[in-house]
Amino acid sequence: MTEIIDKIAWIAVAEGRVLGARSKGKDTYYFPGGKREPGETDTETLVREVKEELSVDILPDTVSLFGTFEAEAHGKAEGVRVKMTCYTADYIGDLTPESEIEDIAWLAFKDREQLSAVSRIIFDRLHEMKLLW
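Residues numbered from 1 in each chain as written. Predicted model: local features only at pLDDT ≥ 70, side-chain atom pairs only at ≥ 80, totals over all residues. Heavy atoms only, no water.

Novice: So what's going on with the pattern of salt bridges? Which residues, and what values?
Specialist: Evaluation of the coordinates by the stated rule reveals 14 salt bridges. Here Arg-22 makes a salt bridge to Glu-102, at a shortest N to O gap of 3.1 Å. With Arg-22 in strand 3 (residues 17-23) and Glu-102 in strand 9 (residues 101-107), the pair connects residues that are 80 residues apart, well separated along the chain. The exposure class of Arg-22 is buried, given its relative accessible area of 18%. Between Asp-42 and Arg-36 there is a salt bridge whose closest N-O contact spans 2.4 Å. The network of salt bridges with common partners includes Glu-37, Glu-40, Arg-48, Glu-49 and Glu-52. (Salt bridge = Lys/Arg side-chain N within 4 Å of Asp/Glu carboxyl O. Helix = DSSP H or I, 4+ residues; strand = E, 2+ residues; numbered from the N terminus. Buried < 20%, exposed > 50% of the residue type's maximum accessible area, 1.4 Å probe, protein only.)

Novice: Any details on the nonpolar core? Residues and values, ideally.
Specialist: Core analysis: the biggest nonpolar cluster contains 22 residues, and Ile-11, Val-18, Phe-31, Cys-86 and Ile-122 have the highest contact counts within it. Of all the elements in the fold, those that place two or more residues in this core are strand 1 (3-10), strand 6 (64-72), strand 7 (80-88), strand 9 and helix 2 (117-128). Setting aside residues up to four positions removed in sequence, Val-18 forms contacts with Ile-11, Ala-12, Val-13, Phe-31, Ala-105, Trp-106, Leu-107, Phe-123, Leu-126 and Leu-132. Ranked by size, the runner-up nonpolar core spans 15 residues in total, among them Ile-58, Tyr-87, Ala-89 and Ile-101. (Core = buried A, V, L, I, M, F, W, Y, C linked by side-chain atoms within 4.5 Å. Contact = heavy atoms within 4.5 Å.)

Novice: A description of the sheet that holds strand 2 (residues 13-14) should follow, citing residues and the corresponding values.
Specialist: Strand pairing in a sheet is mediated by backbone hydrogen bonds. Such pairs are either parallel or antiparallel. Here we have three strands laid out as an open sheet, ordered 2-3-9, and antiparallel in their pairing. Whereas interior strands pair on both sides, the edge strands pair on one side only; in this sheet they are strand 2 and strand 9. Looking at chain direction, strand 3 and strand 9 are connected through six bridges and run antiparallel. Directly across from Ala-21, in strand 9, lies its bridge partner Ile-104. (Pairing = 2+ DSSP bridges.)

Novice: Give a description of helix 2 that names residues and reports values.
Specialist: If you check helix 2, its first and last C-alpha atoms are 17 Å apart, about what 12 residues at 1.5 Å a residue would give, namely 16 Å. Listed as buried for helix 2 are Val-118, Ser-119, Ile-122, Phe-123 and Leu-126. On an axial view of helix 2, the arc spanned by its buried residues comes to 145 degrees, and they lie on one face. Those residues of helix 2 that are buried are in contact with strand 2, strand 3, strand 6, strand 7 and strand 9. Lys-130 sits one or two positions beyond helix 2 and adopts a positive phi of about 65 degrees. (Expected span 1.5 Å × (residues − 1). Arc of directions from axis to C-beta.)

Novice: Summarise a nonpolar patch on the surface; cite the residues concerned and give the values.
Specialist: A cluster of nonpolar side chains, namely Val-13, Met-129 and Leu-131, defines an oily patch on the protein surface of about 230 Å² accessible area. As for its placement among the helices and strands, Met-129 is situated in the segment after helix 2. (Patch = residues over 30% accessible without salt bridge, like charges linked within 9 Å, V, L, I, M, F, W, Y side chains within 5 Å. Areas by Shrake-Rupley, 256 points an atom, 1.4 Å probe, with all protein chains shown as cover.)

Novice: Tell me about the environment of Ile-101, and please be specific about residues and values.
Specialist: Checked against the element boundaries, Ile-101 lands in strand 9. Note on Ile-101: relative accessible area 5%, which makes it buried. In this structure the C-alpha to C-alpha distance between Ile-101 and Lys-24, which are 77 residues apart in sequence, comes to 5.8 Å. Aside from chain neighbours lying at most four places away, what touches Ile-101 is Ala-21, Arg-22, Ser-23, Lys-24 and Glu-53.

And the structure:
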């Protein structure tokens, strides 16, 4: 049986680049976000995870579904997949790495190889939509 890791992610795009976060001790960038806690909605998960990781406040009334993407999970056993439900949203505050996040970067399409498999699929979609250069 295939194990699915269910995650919520924030897609923040500005000037042809998308925000990526890299955890301490890792060499791969991910989209900010994480796993839902029991009873949480997707929006509640997004707001909590982004606050914990980046010290900014997502504005809940601006949250909009971007899409759901699935691929092999990076750094996990074969057969483990990640399903990432992605949202766009506005925020207030200054982006500052917190918790397990060591670095954040505004990534361009040329940075695609620094991403996990599921993030590459999302990168490709953003590029097709002319949002990522």
